[in-house]
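# Summary of the model geometry
One-letter residues, chain by chain:
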Amino acid sequence: MNPDDQQDLLGLMDAAQTPAGADIVFQRSAKARHYRLTLRRDGTAVATIPLRGSQRGAEQFVAQHAEWLERARSRQAVRPRAAEVWVPGTHVLWRGEMCEIRVASAGERPQVCLAADVFRVPGFEGDLRPTLEAHFARRAKIELPARTWELAALTGVEVKLVAVRNQRSRWGSCSANGTISLNWRLVQTPDFVRDYIIYHELMHLREMNHSERFWARVEEVCPDWRSAERWLKRNGSLLGL
Ligand SMILES: [Zn+2]
């Protein structure tokens, strides 16, 4: 048994260098049929070695795909990522700004603040993210429908129902019966971005498509929709979208 085989049997990972100088982790998989190269969100590249493959084969595969990896890395580098675990000192997106989580009060009623907003937390040990996101979602359930009714009245669009949802892949949607669904994460975006999404869905109740007519209607009620789209493209990854 050579040292390479032993490492594979133990399931250990081996770091190597690509010509681009990036770290690669080699991982053997009994299920994999082919060599595979993936880039994890944390920036680690993983080369999967199939059952009948070899370390050398994987290295060749990585070398063949060095250009792809370089492109994937540079794409990832320009997409900002939110911190996974939130503790005092972490910066999180709140109302369009990156705000530091600060301890507002300790003791019996532990609280943190984000800019001018204060939130109850169970304590300062561990991850504050589930607690804070639950607070955000609660605020969203109050604020987003209120804003939607306001803009619906302003534009004269008839809305039947506004739902606030935990959507992972979209900011908003609507159905022909007049229901608008909004992603609660819109309370984390700047006001003009939140408004744009609401206008966008409102205009869909007039034009159920993305035709020129639809965009002309959006333009009419929300002239800065382009900068809102730009903001979402640049910062959506901070909110996992
Ligand atoms: Zn649309």
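Details of the structure are given in the entry above.
The notes below deal with the structure included here. This is a predicted model, so every value here is computed, not measured.

## Describing the overall build of the protein chain
Of regular secondary structure, the protein chain possesses seven helices and twelve strands. The C-alpha radius of gyration of the protein chain comes to 24 Å, more than 25% above the 18 Å expected for a compact globule of 241 residues. By principal-axis analysis of the C-alpha atoms, the protein chain measures approximately 75 × 55 × 30 Å. A buried classification covers 41% of the 241 residues belonging to the protein chain. For the protein chain, the proportion of contacts with a sequence separation of at least 24, taken over those separated by at least 6, is 44%. Accessible surface, the protein chain as shown: approximately 14000 Å² in total, 50% of it carbon and sulfur. Taking the 35 positively charged and 29 negatively charged side chains of the protein chain as two groups, their mean positions are separated by 5 Å.

## Here's the deal with the nonpolar core
Nonpolar side chains tend to gather and get buried jointly when the protein is soluble and globular. One finds Ile101, Leu114, Leu132, Phe136, Leu182, Tyr196 and Leu202 to be the most contacted residues of the largest nonpolar core, which totals 44 residues. Every element with two or more residues in this core is listed here: β5 (91-94), β8 (111-114), α4 (129-155), β10 (161-165), β12 (179-183), α5 (191-204), α6 (212-221) and α7 (225-235). The contact partners of Phe136, leaving out residues within four places of it in the chain, are Trp86, Leu93, Trp94, Leu114, Phe119, Trp184, Val187 and Gln188. Among the nonpolar cores identified, the runner-up in size contains ten residues, and Ala47, Phe61, Val62 and Leu69 belong to it.

## Section: the layout of surface pockets
Its volume calculated, the largest pocket comes out at about 170 Å³. For the largest pocket, the full set of lining residues is Arg170, Trp171, Gly172, Tyr196, Ile197, His200, Glu201, His204, His210, Trp215, Glu229 and Leu232. Mapped onto the lining of the largest pocket, the elements with two or more residues apiece are α5 and α7. Broken down by element, the residue count for the lining of the largest pocket peaks at five residues, all from α5. Grouping the amino acids of the lining of the largest pocket by side-chain chemistry returns five nonpolar, four polar and three charged.

## Quick notes on the packing of α5 against α6
The description of two packed helices rests on the angle between their axes and on the distance between the axes. For the pair α5 and α6, interaxial distance at closest approach is 9 Å and the crossing angle is 135 degrees. Classed by the angle they form, the pair α5 and α6 counts as oblique. α6 is crossed by α5, and the crossing has right-handed handedness. Side by side, α5 and α6 meet where Tyr196, Tyr199, His200, Met203 and His204 of the first sit next to Phe214, Trp215, Arg217, Val218 and Val221 of the second. Across the contact of α5 with α6, the residue classes break down as seven nonpolar, two polar and one charged.

## Examining the sheet that holds β8
Read from one edge of the open sheet, three strands run β7-β8-β9, paired in antiparallel fashion. Each end of this open sheet is capped by a strand with a single partner; those strands are β7 (102-105) and β9 (117-120). Strand-to-strand twist across the sheet, computed as the mean angle between neighbouring axes with direction ignored, equals 40 degrees. With four bridges connecting them, β8 and β9 associate as antiparallel partners. What sits directly across from Leu114, in β9, is Asp117. On the sheet, α4 packs against β8 and β9 and is oriented at approximately 120 degrees with respect to β9.

Conventions adopted
For every chain, the first residue of its written sequence is number 1, and the numbers climb from 1 along that sequence. Local features in this predicted model are restricted to residues whose pLDDT is 70 or higher, and side-chain atom pairs enter the listing and the counts only when it is 80 or higher, whereas totals over whole chains, interfaces and linings include all residues. Working from all heavy atoms in the structure, the side-chain values ignore hydrogens and water. Each helix corresponds to a stretch of at least 4 residues labelled H or I by DSSP, and each strand to a stretch of at least 2 residues labelled E; elements are numbered beginning at the N terminus. Based on C-alpha atoms, the radius of gyration is set beside the globule rule, defined as 2.2 Å times the residue count to the power 0.38. Categorising residues by exposure relies on relative accessible area from a 1.4 Å probe, with only protein chains included: less than 20% of the type maximum marks a residue as buried, more than 50% marks it as exposed, and the intermediate range marks it as partly exposed. Should any heavy atoms of two residues lie within 4.5 Å, those residues are considered in contact. Each accessible area value is a Shrake-Rupley result obtained with a 1.4 Å probe; residue values ignore everything except the protein chains displayed when judging cover. Charge counting treats Lys and Arg as positive and Asp and Glu as negative, with His and both chain ends excluded. Charged side chains are reduced to one point each, which is NZ for Lys, CZ for Arg, CG for Asp and CD for Glu. Grouping buried Ala, Val, Leu, Ile, Met, Phe, Trp, Tyr and Cys residues that are joined through side-chain atoms within 4.5 Å yields what is termed a nonpolar core. For each structure, a 1 Å grid was placed over the protein atoms alone; sets of points admitting a 1.4 Å probe that cannot get out are labelled cavities, open sets with protein on both sides within 12 Å along at least five of seven lines are labelled pockets, and lining residues have an atom within 4 Å of a point. Grid points are joined across faces, edges and corners, and a volume is the space filled by probe spheres set on the points. Throughout this entry, Asp, Glu, Lys and Arg are counted as charged residues, while Ala, Val, Leu, Ile, Met, Phe, Trp, Tyr, Cys and Pro are counted as nonpolar. The remaining residues, Gly among them, count as polar. In this analysis an axis means a line fitted to C-alpha atoms, helices contributing only their contacting stretch, and an angle means the value between N-to-C directions, from 0 to 180 degrees. Note on angle classes: values under 35 degrees are labelled roughly parallel, values over 145 roughly antiparallel, values of 65 to 115 roughly perpendicular, and the remainder oblique. By convention the crossing between two helices is left-handed if the near helix lies anticlockwise of the far one by an angle smaller than a right angle, and right-handed if it lies clockwise. Following DSSP output, two strands are said to pair if at least two bridges run between them.

Don't take any of this as a statement about function, it's just geometry.
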